[in-house]
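# Observations on chain architecture
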Amino acid sequence: MKKILCVVLALLLSATVLVACGGGGGGGDNGDATVIRVDLHGWTPTVNETSTAGSTAYNSPKYIAAEFEALHDNKVKIEWVRDKDLSLSREDVGQYFSLAISNGTCPAISFTWGTTFQERGWYVDLTSYLEEVNTYETAADLAGKPWKEAFDDYIWSLDAISTYDGQIAAIPLTLFAGSASCVFYNVEKAKEYGFVDPNTPAGEYTLGITDPFDWTAYLDYVSEAMSEDQQYLVDSNNYPPTASSWLMQFNLGPAYMSYALDYEDSAEGKVDANGDGTVSGQEKLQAVVDGFFNPVTKDYASELLLKEKEYLSLLTDANKDSTEWDNGKGALKYDGSWVYTPEVNMNRAFDWEMVPAPVEDDSQYTQDYVDWVSFEESQPGVDLYLNVMRAGVTQDGTVDGPIDEDKLYYAVEFLKYLTTREANSAMIEEMNTSIGAVKGADLPMWLEDSAFIDCQFAKTDSVNGWPGGFTTSISTQMDTLFSQWVAGSYSGTDDQFFAAWNDLQVQGAKDMAASLGITLES
Amino acid sequence: MKERRLHFRLPKKLLVFLIIVAVVAVFLLFDVIRMTTFDLTVVSTDPNPVVADGKSTCTLVVELRDGRGEPVEGHNIFVFVTEGGGNFTQQRNTTDENGQIVLNFRPLRATRYQPATDVTVKIYDESNSIFFLIPKTIYHVIEVVEP
């Protein structure tokens, strides 16, 4: 009896070991298939295939992945990442990936806000792949051309796409619908404040259409709203204030950035040091060290910070509360353009409209750098951009380990497949929020149906916002410093704040350069 | 011989609990019965079928009437897709004086991943309940065809 028991136990043990061994190497339950873990952030397909009243199913990526797997004879298996909390801050996402890397579970394809963690060496350089033909593309005007040509050129100069040492670290999938931020306004209040002619029939409002709704107009509107009630303005995206606030990214930053990049002084030179007509990442880092963004010495830099403070210091916790907007008393809500659909579906009892991001175009520094253009001519920022993570495509799951050629191949191929016009359009149509990054992709239904698409959109020379702290560590310190200054709890003068801000920013630029092996002149 | 009388007394807490359950059940029953008095119908779908070319839309007119057959104004009607794919311009609408709402729907473009399939939508009245949300609900199938 004991012998039989021993034999049974030995067999069980052997089976367990065999199963455990078979589970390694990315095969798992998928036999010999190479498993590619993919994190599409808010665009990850839902587990449920059908919608309920409380949750909307999102299926397109699932179907696209199934087609991709079939094309490769099921030698690749796409596995969706579902354990990453969408509400995590950038710092927390950094911790998520640090943990995933140490556990050997880093996704091969991930959303990390583009180049956020470039100093950590986490990204695969995708530059050379973009020169390859995307063989999956069947659209006549894109087929047979380099993958890169499926996207508008300006995208490649975005700081969120290209690293400071000139590598393309992220592939864009979706763009903001004309502008990332926008202003929802209550029509009755707009009439009361004189921004809309009271005799205008419903649905024919021209605010933001015949004339741009710029930063000055926005501040005037805010002033009227807040003279009635603090809660008549809803802005939960700029409060509490941070060094990389939405204003810095979308409303004020790009216009001032355009001026700074064009600034030239006979003694100091210019940001585009080699004069080739484009500002490289290295030149940008050097410009920070050389003082082109220093608010102590550059009036345009200090003006930007003071304008930010002027607005941000108006905000309190009360402005995060949307009760007054919801009940029709509020005058305006500053939010993302992707909020349009949920706002429509609230079936508000009051008339409201939406205008694109108000941009600063009145300052002596910005007036020559902002053009108001049509939706088609706008150059919106990237909403969803995906990296290939080194630790997700190495043989041992570490950042520096030897590359698993199959994983890298399938990761890049899947990105190519996702960015065919047909796949891109399918994702855009179903999500119905942002627009496709691939040229000619279908527009979301809401955009075609709304007057928003007829508005004037700000186009700035620089598509990038004002630089922040470069590394996550310095950015965090700058956030603290900046929020103290805005709140009035900073103990020094404005000049002392400017100096402290610049010291941190210069340190951040130097740290970033050092991590990327870039030599800066001091 | 002295007659023995049976005394059956419910514990006080149990009694209170049963009363609460009874009241809740009555309210629930009220809303269920009330819900059945409403008539929610899709009176037209135009065009039907609709082409899944990523551009074409169809218009649905949904009508709500009460137990006497009168149109009901001011009720919030919510609609969403349960099977198939597509988008409504607005998912929540309020019935007009004719008890009607008008919905614009665009099916997803037929692709190699998602061929054209009929779309089932769930339509319900969010306003017919008094105590509990027991909405009058209907399902409607929109025919969708390949371009």
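Residues numbered from 1 in each chain as written. Chains lettered and ligands numbered in written order. Predicted model: local features only at pLDDT ≥ 70, side-chain atom pairs only at ≥ 80, totals over all residues. Heavy atoms only, no water.

Taken together, the contacts link 28 residues of chain A with 28 residues of chain B. Of the roughly 2,300 Å² buried where chain A meets chain B, counting both sides, 44% is carbon and sulfur surface. At the surface where chain A touches chain B, the tally comes to 14 residue pairs in polar contact (both at pLDDT 80 or more). Looking at the side of chain A that touches chain B, the elements that each hand over two or more residues are helix H2 (60-71), helix H11 (340-345), helix H13 (421-431) and helix H14 (445-449) of chain A. Counting residues per element, the side of chain A that touches chain B draws most heavily on H13(A), which supplies five residues. (Contact = heavy atoms within 4.5 Å. Buried area = accessible area lost by both parts, 1.4 Å probe. Polar contact = N/O pair within 3.5 Å; in protein donor to acceptor, adjacent residues only side chain to side chain. Helix = DSSP H or I, 4+ residues; strand = E, 2+ residues; numbered from the N terminus.)

Let us look at the sheet that holds strand S7 (residues 100-107) of chain B. All names here are of chain B. Strand order in this open sheet of four strands is S1-S3-S7-S5, and the pairing throughout is antiparallel. One side of each edge strand has no neighbouring strand; the edge strands of this open sheet are strand S1 (39-46) and strand S5 (86-88). Neighbour-to-neighbour, the strand axes of this sheet turn through a mean angle of 25°, independent of strand direction. Across three bridges, the pairing between S5 and S7 is antiparallel. Across the sheet, the residue bridging to Asn87 is Arg106, located in S7. (Pairing = 2+ DSSP bridges. Axes fitted to C-alpha atoms, helices over the stretch in contact; angles between N-to-C directions.)

A:Phe151, A:Tyr218, A:Tyr300 and A:Trp466 are the most contacted members of the largest nonpolar core, which has 162 residues in total. Among the elements that take part in this core, helix H16 (residues 494-516) of chain A stands out by supplying nine residues, more than any other. For this core, the two domains that each supply at least three residues are domain 1 (33-177 + 381-444) and domain 2 (181-372 + 461-516) of chain A. By size, the runner-up hydrophobic cluster in this structure holds 25 residues, among which are B:Val50, B:Val79, B:Phe105 and B:Val119. (Core = buried A, V, L, I, M, F, W, Y, C linked by side-chain atoms within 4.5 Å. Buried < 20%, exposed > 50% of the residue type's maximum accessible area, 1.4 Å probe, protein only. Domains from an automatic or database assignment.)

Turning to the pattern of salt bridges, a few remarks are in order. Taken as a whole and judged by the stated rule, the model has 24 salt bridges over all chains. In this structure, A:Lys189 and A:Glu228 form a salt bridge, with 3.1 Å as the shortest nitrogen-oxygen distance. Placement of the pair is A:Lys189 in helix H4 (residues 187-192) and A:Glu228 in helix H5 (residues 215-228), with a sequence separation of 39 residues. For A:Lys189, a relative accessible area of 10% gives the class buried. Here A:Glu228 falls in the partly exposed class, since its relative accessible area comes to 36%. The shortest N-O distance in the salt bridge between B:Arg112 and A:Glu422 comes to 2.8 Å. Here the residue B:Arg112 occupies a position in the loop between S7 and strand S8 (119-125), and A:Glu422 occupies one in helix H13, the pair thus bridging two chains. A residue is classified by how much of its surface remains accessible, and A:Glu422, at 23% relative accessible area, is partly exposed. Among the ionic contacts, a cluster of salt bridges with common partners joins A:Asp326, A:Lys333, A:Glu343 and A:Arg348. (Salt bridge = Lys/Arg side-chain N within 4 Å of Asp/Glu carboxyl O.)

Attention now goes to the domain arrangement of chain A. Residue and element names in this part refer to chain A. As assigned here, chain A comprises domain 1 (33-177 + 381-444) and domain 2 (181-372 + 461-516). Distance from the C-alpha centre of domain 1 to the C-alpha centre of domain 2: 29 Å. When the two sides are added together, the surface that domain 1 and domain 2 hide from each other amounts to roughly 1,500 Å², 59% of it contributed by carbon and sulfur. Here domain 1 is connected to domain 2 by one salt bridge. A salt bridge links Asp159 to Lys284, with the nearest nitrogen and oxygen atoms 2.7 Å apart. At the surface where domain 1 touches domain 2, the tally comes to six residue pairs in polar contact (both at pLDDT 80 or more).

What follows is about helix H12 (residues 405-418) of chain A. Each α-helix winds once per 3.6 residues, and so residues spaced three or four apart point in a common direction. Residue and element names in this part refer to chain A. Between the first and last C-alpha of H12 there are 20 Å, a value that for 14 residues agrees with the 20 Å anticipated at 1.5 Å per step. Among the 14 residues in H12, eleven count as buried, and that is most of the element. Restricting attention to buried positions, one finds in H12 the residues Lys407, Leu408, Tyr410, Ala411, Val412, Glu413, Phe414, Leu415, Lys416, Tyr417 and Leu418. The backbone nitrogen of Asp406 lies 3.1 Å from a side-chain oxygen of the residue at the head of H12, namely Asp404. (Expected span 1.5 Å × (residues − 1).)

Attention now moves to the sheet that holds strand S4 (residues 76-83) of chain B. All names here are of chain B. Taken together, the four strands give an open sheet; going across it, the order is S6-S4-S8-S9, and neighbouring strands pair in antiparallel fashion. The open sheet has two edge strands, strand S6 (92-94) and strand S9 (137-142), and neither has a second partner. Across this sheet, the average inter-strand angle for adjacent strands is 25°, counted without regard to direction. Relative to S9, S8 runs antiparallel, the two being bridged by six bridges. Across the sheet, residue Ile123 finds its bridge partner in S9, namely Ile138.

Okay, the packing of aromatic side chains next. Tallied over the full model, the rule gives 59 aromatic pairs over all chains. With centroids separated by 5.1 Å and ring planes inclined at 85°, the aromatic side chains of A:Tyr136 and A:Tyr417 adopt a geometry described as edge-to-face. You can see A:Tyr136 sitting in the loop between strand S3 (109-110) and strand S4 (171-175) and its partner A:Tyr417 sitting in helix H12, a full 281 residues away along the chain. Take A:Tyr417: its relative accessible area is 1%, and that puts it in the buried class. Seen from their ring centres, A:Tyr417 and B:Tyr113 are 6.1 Å apart, and the 75° between their planes marks the pair as edge-to-face. Of the two residues, A:Tyr417 is situated in helix H12 and B:Tyr113 in the loop between S7 and S8; the pairing between them involves two chains. Both residues of the pair, A:Tyr417 and B:Tyr113, belong to the buried class. Chaining the aromatic ring pairs together yields one cluster made of A:Phe176, A:Tyr193, A:Phe195, A:Phe213, A:Trp215, A:Tyr218, A:Tyr221, A:Trp246, A:Phe250, A:Tyr311, A:Tyr334 and A:Trp338. Sitting above the plane of the A:Phe184 ring, A:Lys333 keeps its charged end 5.7 Å from the centroid. (Phe/Tyr/Trp six-rings, centres within 6.5 Å; stacked < 30°, edge-to-face > 60°. Lys NZ or Arg CZ within 6 Å of the ring centre and 35° of its normal.)

All names here are of chain A. Two numbers describe how helix H9 (residues 299-312) lies on H16: the axes approach to 12 Å, and their chain directions differ by 110°. Taken together, H9 and H16 sit at an angle that is classed as roughly perpendicular. Classified by chirality, the crossing of H16 by H9 is right-handed. In this structure, H9 uses Ser302, Leu305, Leu306 and Lys309 to contact H16, whose residues at the interface are Asp494, Phe497, Phe498 and Trp501. Looking at the contact of H9 with H16 residue by residue, the classes come out as five nonpolar, one polar and two charged. (Parallel < 35°, antiparallel > 145°, perpendicular 65-115°, else oblique. Left-handed = near helix turned anticlockwise from the far one by under 90°. Nonpolar A, V, L, I, M, F, W, Y, C, P; charged D, E, K, R; others polar.)

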